Amino acid sequence: MAEKVENRSGTVRKVWKCFFLYSFGVFLQYAAYGSLLNLQSSINIIDGLGTYCASIINITAVLFTLFCVPSLLRRFGAKKCFCWCECTYILYTVANMYPTYYTMVPASFLVGIGDSTLWSCMPLLNSYFATKYSAFSGNGQQSKNESRFSGYFYSIVLGAKIPGNIITYIVLYAFNTKSENPVTLYANNITFNVSNEDIISLNDFEHCGANDCQDAVIVRNTLEQYVPANRLSIYILMGILTMLCVMAVVIHFVFIPETGDYGVSRRTSKMQKSDGIDDQKFATEAIIVSDQSYVSFAFTTVKDIGRQVVDFKQILVTLIFIYHGMTYGYITSEITRSYTTCAFGVAMVPVHSVFYGIGGGVVCYLMGKLGKQISRDWFFVIATLTDMSIYIYGLLWSSATFSSHWCLVPMYFLFGGTQGIWMSNGHVVQVNYFRDRLDVACPVWNIYYMLGIAIQFAWSTRLCVRTKIFIQMGVLIMSMIGYVMAETLHRRQLRRNKESEVAVE
């Protein structure tokens, strides 16, 4: 008996070890990729290359999630999909060493495929570890264990922004030297010779903040603010970030266990009836699908997602998810470029981004502690009022009035906090509203979120920041109106269900 207990405790320790090594690998991956994404609108500013490629990433992710991800998971399993798709981050990082449309566009397409697949694998792997822990520890509280593992995991992912941006700052700052002689700047395979004296006279910062309209003449005249003068700093930074990505792939290849068919299922009513499979059993057990049924499975998945998209409650809450994605894109492309880089130089982007990560981590921790006492409605109210305040501050901000870079820290910190609220509450809303069809509800959330990011990056170089702020405010107000209507409808349905149960009893 004692030997059996000892074996069980050893297995539990092995589960924890594999889980934290898997989480550490994701930590390394997003420390590299997350900090690099923050710089795209700055270091690749010429012709809007950085934001254009970021838009390609998210559009590709939307389409790939819709049509291909479920079939890949069924065919190859979570581990193989996870490890192979991580390699796309390596290619994307290397492409940034020589940023042209010929290198960045293909790399962006590939990393979009990788990103969509990874974000689909992560919940499955978290649930797998939680299930193993529940089975071997004797703790049968599966839902609480899944919340526990997911909480640990996403805290680690959010924490990755801090060291990633610190590394970026050290590299860019250490090589951010200015000389009295003309400076040779390289961007998008174009060479510019600009003297520091000319840059200082031309860069009066009136075009920064809400006034940034991405005027091509102004961008070229102030290019040193965006692109490090010493190209060596870019090579060193990309080399370090590539090394982090490679380490992540190795860790995951060695320590992520084979999950088999765990979490892989189909929702096809015709096949359930023909095979005589019970609905509840069908929803919880994995089914091995033959090669001949892949096309049919993909078609059925698309049909189920289509039905989910036109669901009335889904339509009402859709703008919340799109707004969340648009806001993340706004922070990554506009705040980093138009406020931080334009006024204080690209070396300050990672410094400010650290506070974004801290804000998100703090708020997620508080939500975990206070989630049982405070309704999600109040969290939405807090996030709405906070975001509105940030937008107003962004409209009023100017580098002449707020000359210290510390004046931008509250903007990053508060945006990090509200992003945590939108993500956590968005998940809760989707799960509570569509608990009977999570296999399509969760991908729909991911599709709308990535679509919002793609929209923001797509018009990044076409609209002035002031216009984007007003669009953000309008979408935020409309999303909250939709949520109030959806919540009212949902509560009425719950009351009717309870009344029906009482009548039956």
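Residues numbered from 1 in each chain as written. Predicted model: local features only at pLDDT ≥ 70, side-chain atom pairs only at ≥ 80, totals over all residues. Heavy atoms only, no water.

**Overview of the nonpolar core**
Inference 1: Counting residues in hydrophobic clusters, the biggest one holds 120 residues, and the most contacted among them are Tyr 22, Phe 82, Tyr 92, Tyr 339, Phe 415 and Ile 469.
Inference 2: Looking at which element gives the most residues to this core, the answer is helix H1 (residues 2–43), with 16 residues.
Inference 3: Excluding anything up to four places from it in sequence, Tyr 22 contacts Phe 82, Met 122, Leu 125, Asn 126, Phe 129, Phe 153, His 252 and Ile 256. (Core = buried A, V, L, I, M, F, W, Y, C linked by side-chain atoms within 4.5 Å. Buried < 20%, exposed > 50% of the residue type's maximum accessible area, 1.4 Å probe, protein only. Helix = DSSP H or I, 4+ residues; strand = E, 2+ residues; numbered from the N terminus. Contact = heavy atoms within 4.5 Å.)

**Quick word on the state of the cysteines**
Inference 1: Applying the stated criterion across every chain, the model contains two disulfides.
Inference 2: Across a sulfur-sulfur distance of 2.0 Å, Cys 208 and Cys 342 are joined as a disulfide pair. Between Cys 208 and Cys 342, the S-S torsion sits near -80°, and that sign places the bridge as left-handed. Of the two residues, Cys 208 is situated in the loop between helix H7 (196–202) and helix H8 (216–221) and Cys 342 in helix H14 (residues 312–344); the sequence distance between them amounts to 134 residues. The pair formed by Cys 208 and Cys 342 is uniform in burial state, with each residue classed as buried.
Inference 3: Covalent S-S linkage joins Cys 213 and Cys 464, the inter-sulfur distance amounting to 1.9 Å. (Disulfide = S-S within 2.5 Å.)

**Some words on the side chain of Ser 353**
Inference 1: With respect to the element layout, Ser 353 can be found in helix H15 (residues 349–370).
Inference 2: On the basis of relative accessibility, which here comes to 3%, the residue Ser 353 falls in the buried class.
Inference 3: Those residues within four positions of Ser 353 in sequence are excluded, and the remaining contacts are Asn 38, Asn 165 and Tyr 412.

**Some remarks on the environment of Gln 29**
Inference 1: Relative to the assigned elements, Gln 29 resides in helix H1.
Inference 2: With 217 residues separating them along the chain, Gln 29 and Val 246 place their C-alpha atoms 8.4 Å apart.
Inference 3: Non-local contacts of Gln 29, meaning those with residues more than four positions away in its chain, are made with Glu 86, Tyr 89, Cys 245, Ala 248 and Val 249.

**Details of the pattern of salt bridges**
When charged atoms on two side chains of opposite charge get close, those side chains can pair.
Inference 1: Taken as a whole and assessed by the stated rule, the structure comprises five salt bridges.
Inference 2: Where Asp 212 meets Arg 337, a salt bridge forms, and the shortest distance between an N and an O atom there is 3.3 Å. Here Asp 212 is found in the loop between H7 and H8, whereas its partner Arg 337 is found in helix H14, with 125 residues between them in sequence. Assigned by exposure class, Asp 212 and Arg 337 land together as buried.
Inference 3: For the salt bridge of Glu 487 with Arg 491, the shortest nitrogen-to-oxygen distance reads 3.0 Å. Highlighted residues: Glu 487 and Arg 491, both in helix H19 (residues 465–504), separated by four residues, approximately one helical turn.
Inference 4: A single salt-bridge network, built from bridges that share partners, covers Asp 212, Glu 334, Arg 337 and Lys 468. (Salt bridge = Lys/Arg side-chain N within 4 Å of Asp/Glu carboxyl O.)

**Digging into the side chain of Arg 337**
Inference 1: Arg 337 sits in the buried class, given a relative accessible area of 0%.
Inference 2: Here the side chain of Arg 337 touches Asp 212 through a polar contact of 3.3 Å, side chain to side chain. (Polar contact = N/O pair within 3.5 Å; in protein donor to acceptor, adjacent residues only side chain to side chain.)

**Observations regarding the packing of aromatic side chains**
Inference 1: This model, assessed by the stated rule, comprises 25 aromatic pairs.
Inference 2: Through a chain of ring-to-ring contacts, the aromatic side chains of Trp 16, Phe 19, Phe 20, Tyr 22, Phe 82, Tyr 128, Phe 129 and Tyr 133 assemble into a single cluster.
Inference 3: The cationic tip of Lys 79 hangs over the ring face of Phe 253; the distance from NZ or CZ to the ring centre is 5.6 Å.
Inference 4: One Lys or Arg, Lys 313, reaches over the ring of Tyr 433 and ends 5.0 Å from the middle of that ring. (Phe/Tyr/Trp six-rings, centres within 6.5 Å; stacked < 30°, edge-to-face > 60°. Lys NZ or Arg CZ within 6 Å of the ring centre and 35° of its normal.)

**Details of the confidence of the model for the chain**
Inference 1: Of the residues in the chain, 74% reach a pLDDT of 70 or more, and the chain-wide mean stands at 76.
Inference 2: Segment residues 178–203 is flagged for pLDDT under 50; beyond a separation of four residues in sequence, or across chains, it makes 53 contacts in the model.
Inference 3: Here residues 265–292 scores under 50 on pLDDT; set against residues more than four positions off or in separate chains, the count is 34 contacts. (pLDDT = per-residue confidence, 0-100.)

**Digging into the packing of H14 against helix H16 (residues 376–396)**
For any two helices packed against each other, the geometry is given by the interaxial angle and the distance between the axes.
Inference 1: Packing of H14 against H16 brings their axes to within 13 Å, and their N-to-C directions diverge by 30°. With respect to H16, the axis of H14 lies roughly parallel. Here H14 and H16 pass one another in a crossing that is left-handed. Only Phe 380, Asp 387, Tyr 391, Gly 394 and Leu 395 of H16 make contact with H14, whose side of the interface consists of Ile 320, Tyr 323, Thr 327, Tyr 330 and Tyr 339.
Inference 2: Of the residues belonging to the contact of H14 with H16, the class tally is seven nonpolar, two polar and one charged. (Axes fitted to C-alpha atoms, helices over the stretch in contact; angles between N-to-C directions. Parallel < 35°, antiparallel > 145°, perpendicular 65-115°, else oblique. Left-handed = near helix turned anticlockwise from the far one by under 90°. Nonpolar A, V, L, I, M, F, W, Y, C, P; charged D, E, K, R; others polar.)

**Topic: the environment of Gly 359**
Inference 1: Examined against the element boundaries, Gly 359 turns out to sit in helix H15.
Inference 2: Looking at Gly 359, the relative accessible area reads 0%, which means it is buried.
Inference 3: Note: C-alpha distance between Gly 359 and Gly 417 (58 residues apart in sequence) is 4.7 Å.
Inference 4: Ignoring sequence-local partners within four residues, the contact set of Gly 359 consists of Phe 413, Gly 416 and Gly 417.

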